[in-house]
Amino acid sequence: MEKNKIVAVLGPTNTGKTYLAIETMLSFESGMIGFPLRLLAREVYEKVIKKIDPSKVALITGEEKIIPINAKYYLCTVESMPIDKNLEFVGIDEIQMCTDHERGHIFTERLLNLRGEKTTMFMGSYSMKSIIKKLAEDVEFIDRKRLSKLTFSGHKKISRIERKSVIIAFSAEEVYAIAELIRRQKGGAAIVMGSLSPKTRNSQVELYQSGDVDFLVATDAIGMGINMDLDNVYFSNLKKFDGRKMRRLNVAEIGQIAGRAGRYLNDGSFGITGECGEISAEEVGLLENHKFNEIHTLYWRNSKLNFDNGNSLIKSLDERPNKSWLKRIYECEDEKVLKSILKDSQGLSIFNDKDELKLLWECCQIPDFSKKTYGNHLEVVGKVFNFLREKPGKISNVFMKEQLSHLDKLDGNVDSISNRIANVRTWSYISNKINWVDNQDYWIERTKNLEDKLSDRLHEELTKSFIDKRASLLAKGLKQDISFDTKILSDEKVMINNQYIGKLNGLKLELDYKIGALDTDIKSLKKAARQNVSPEILKRIDQIKKTGLLILNSDYKIYWNGAPIAELSAGKDYLNPELSLIIDDMIEVDDQSKLLEYLNSWIGKKIDEELKSLLDLKNLKETNTSIRALAYQIYENNGVIKREDVKSFVKFLKQDERKILRSLGVKFGRYHIFIPKLFKPNIVTLRTLLWKNFHQRNLDLNPPKFGLNFFESQKNIDRNFMLICGFEKFDEHYVRIDILERLFLRIIDGDKEIKLVPEMLNLLGCSKEKFVNLLTKMNYKTFKRNDDTFFRYLPKKVKNVSIPGKKNRDNPFDILKQINFK
């Protein structure tokens, strides 16, 4: 290249501009490149010291200075570039930052006034071309074409965003909220923000680059040359606060960030997510073709300041540019601090001394990294200024120690640790200023070590807060097709490579809900677990078949060893339920079919044995239609029916015909026809469960407590369901149907006495008064003394009871009212 040549290397992202600048610099004897971010300067520094002798390479940022004595090459932030050095090559990266609302004037100053002895190179967007042409110098333009294609992918929910994606937000709060959402849905994300220390940022990026996580959440800092293996960029917002107001990103700014998708020859895509505003079709076309509006004006601020007095200094800062394509930048932070201190000059007793004003201006440029308590920043600037202008002209060790002591704490959450790092960065900046502090080397090292320590802690906290480490390790192993060590512990916990993934509940692997964050890797995870889990499930199936130790529970599920293995659903009738397995899909269909066949056989046998009476009624082969019809009615009503409801069938039955049904266990009671065997506790449980399962109603109702023959009614009791359970309602009481048949009395010896069934009071568990009261409400009809139905259930042992009077003795319930129990 010719001596004093200016070269503008312009093009979209992923065109190798920065790489070209580095190689060009190293081809000269000396050189310097200014970068927009401390992170980027550090990243390039790390690359360069791997190429050449580190003793020739310097890193200069506000908070970090590595300057070997024989340094030849300087990698700096734009603000920290040593402009007094004579170097053969000078480069400025991301030159379009001349339009930045907060820092644009610094980039413009370098564009206008900083030159290399042989070559000056500006790297940035095509949109700067017309502006650079306005320089009063010969400029060689090198146009760089993007190496890969960039396409718009539209809107996607965060839950559907692909791997190797970054989601862009414009505040720490938004970054943390999105990262937390991704942690829950996809296992976690690494975080990149301009405010992160290089160490934290590098640790976070390494999580992504190594495959520990598949997602990044970042601010627009990622658009400034930070290179990572990204396929997709999604915007969660298109508005940002530019230091003055909330505004929408322009197309060039969107393109700068979107262009991070797709590196080298790999194509990339960009899209929107969440509640992000739309990108118009016209904008999409411009972004995909990297065509952005030309930049016509740059931000500028006068750098030739007048320090004669405070007013002269302010006036020189307010000076307007003499070129139409330059625009005075809005009031910057350093100006605000200066004006605030000069306004309160009495507090600092500032004199109109040139050296003192220069020192004050230099102090005003101390960055406010925290940006939370402006008053505190003013106080820091004021104290530093006072130290420097008073003898001995340096900040004391005691003061430095005091400022750092309350920052040297590792407790707290992400916000509190980040705030400490921001404050340490301020004192790191101060320590790195030449001759500002006593024992400068010590405090440089002290602030660096403290920042590194807090950065490690912040990385840990970010990882803990926004990455499910377990899901991360498993996802990484699955992507790399690593062989897993799977174990099933005694408490059924399933471990893969010592990471808990879930529980083997019966025959099903139930993944922990957080593992759902692995999203599409669920099948791969099961595949990894299959080697050990599948044989264990097959072993359990064999045990089930051999032992038959199964329980049908009230939740309509069949349990083995305390875990559900199958579930009932309605079949063709209530004694023929359908079964579906609760089993992991890693088990082959053939093995599942054999287990299902066994379970159908098991429950069929259980129904055959315990509900044989019902099945006999159902399968009754009888030509007499009345018998067959009554048998069917009893079966359909689950073994118990009111006599009144089937009187049309009963009245035509002869005694020998009734005998056929009695032989099947049917009892003809005065008010009910039922099968007494079906009132045993285990049989009632089975009957009602099958009944509810088939009809899908009264699912929350359960039979009365077993052993209870009499209880008071409650509002939420269903009378029809209680009848199936074997209980009839009388007024406010329910009484077991078979017990009612044993409550009949028989009258003997005419007028003198009756014999009372003695067990009745004990059976019902009630007082004699309640017993009498209950029977008086039953509305029994009068019956003859020789009625077989009345006599049938009386035990041999009876107790004598005397009765006064002789009135209405044909009705035992009327007589019962008059009984004097002995």
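Here, the structure is the one placed above.
Heads up: these notes are all about the structure in this document. Remember, it's a predicted structure, so these values are computed and weren't measured experimentally.

Let us look at unusual backbone geometry. Cis geometry is adopted by the peptide bond preceding proline 392, which originates at lysine 391 and carries an omega value of 5°. In this structure, asparagine 638 is a non-glycine residue whose phi angle is positive, near 65°. As for its placement among the helices and strands, asparagine 638 is situated in the loop between helix H21 (625-636) and strand S27 (640-642). Asparagine 638 gets classed as buried once you look at its relative accessible area, which sits at 0%. A positive phi angle is found at glutamine 696, which is not glycine, with a value near 55°. Mapping glutamine 696 onto the fold places it in the loop between helix H24 (681-695) and strand S30 (710-712). The class for glutamine 696 is partly exposed, based on a relative accessible area of 47%.

Now for the sheet that holds strand S28 (residues 667-668). Across the sheet, which stays open at both edges, the 3 strands sit in the order S27-S29-S28 with antiparallel pairing between neighbours. Two strands in the sheet have a free side with no partner beyond their single neighbour: S27 and S28. Pairing of S28 with strand S29 (residues 672-674), which is carried by 2 bridges, proceeds in the antiparallel orientation. Bridge pairing in S29 links lysine 667 to phenylalanine 674. Running at roughly 110° to S27, H21 makes contact with S27, S28 and S29 of the sheet.

Glancing now at the pattern of salt bridges. As enumerated under the stated definition, the model contains 48 salt bridges in all. In this structure, the salt-bridge partner of aspartate 229 is lysine 164, at a minimum N-O distance of 3.0 Å. Placement of aspartate 229 in the loop between strand S12 (215-218) and strand S13 (232-235) and of lysine 164 in the loop between strand S9 (150-156) and strand S10 (165-168) is noted, with a sequence separation of 65 residues between them. You can call lysine 164 partly exposed: its relative accessible area is 22%. Each of Arg301, Asp318, Arg328, Glu331, Asp334, Glu335 and Lys339 takes part in salt bridges that share partners, so that together they form one network.

Turning next to the nonpolar core. Counting 57 residues, the largest nonpolar core has Ile191, Leu338, Cys363, Val384, Trp427 and Ile430 as its most contacted members. In terms of residues, this core owes the most to one element, helix H15 (residues 414-432), which gives 7 residues. Dropping the residues within four chain positions of it, isoleucine 430 is found in contact with Ile366, Val380, Val384, Ile395, Trp436 and Val437. In this structure, Ile565, Met586, Leu664 and Ile675 belong to the second largest nonpolar core, which totals 56 residues.

The rules we used
- Residues numbered from 1 in each chain as written.
- Predicted model: local features only at pLDDT ≥ 70, side-chain atom pairs only at ≥ 80, totals over all residues.
- Heavy atoms only, no water.
- Helix = DSSP H or I, 4+ residues; strand = E, 2+ residues; numbered from the N terminus.
- Buried < 20%, exposed > 50% of the residue type's maximum accessible area, 1.4 Å probe, protein only.
- Pairing = 2+ DSSP bridges.
- Contact = heavy atoms within 4.5 Å.
- Axes fitted to C-alpha atoms, helices over the stretch in contact; angles between N-to-C directions.
- Salt bridge = Lys/Arg side-chain N within 4 Å of Asp/Glu carboxyl O.
- Core = buried A, V, L, I, M, F, W, Y, C linked by side-chain atoms within 4.5 Å.

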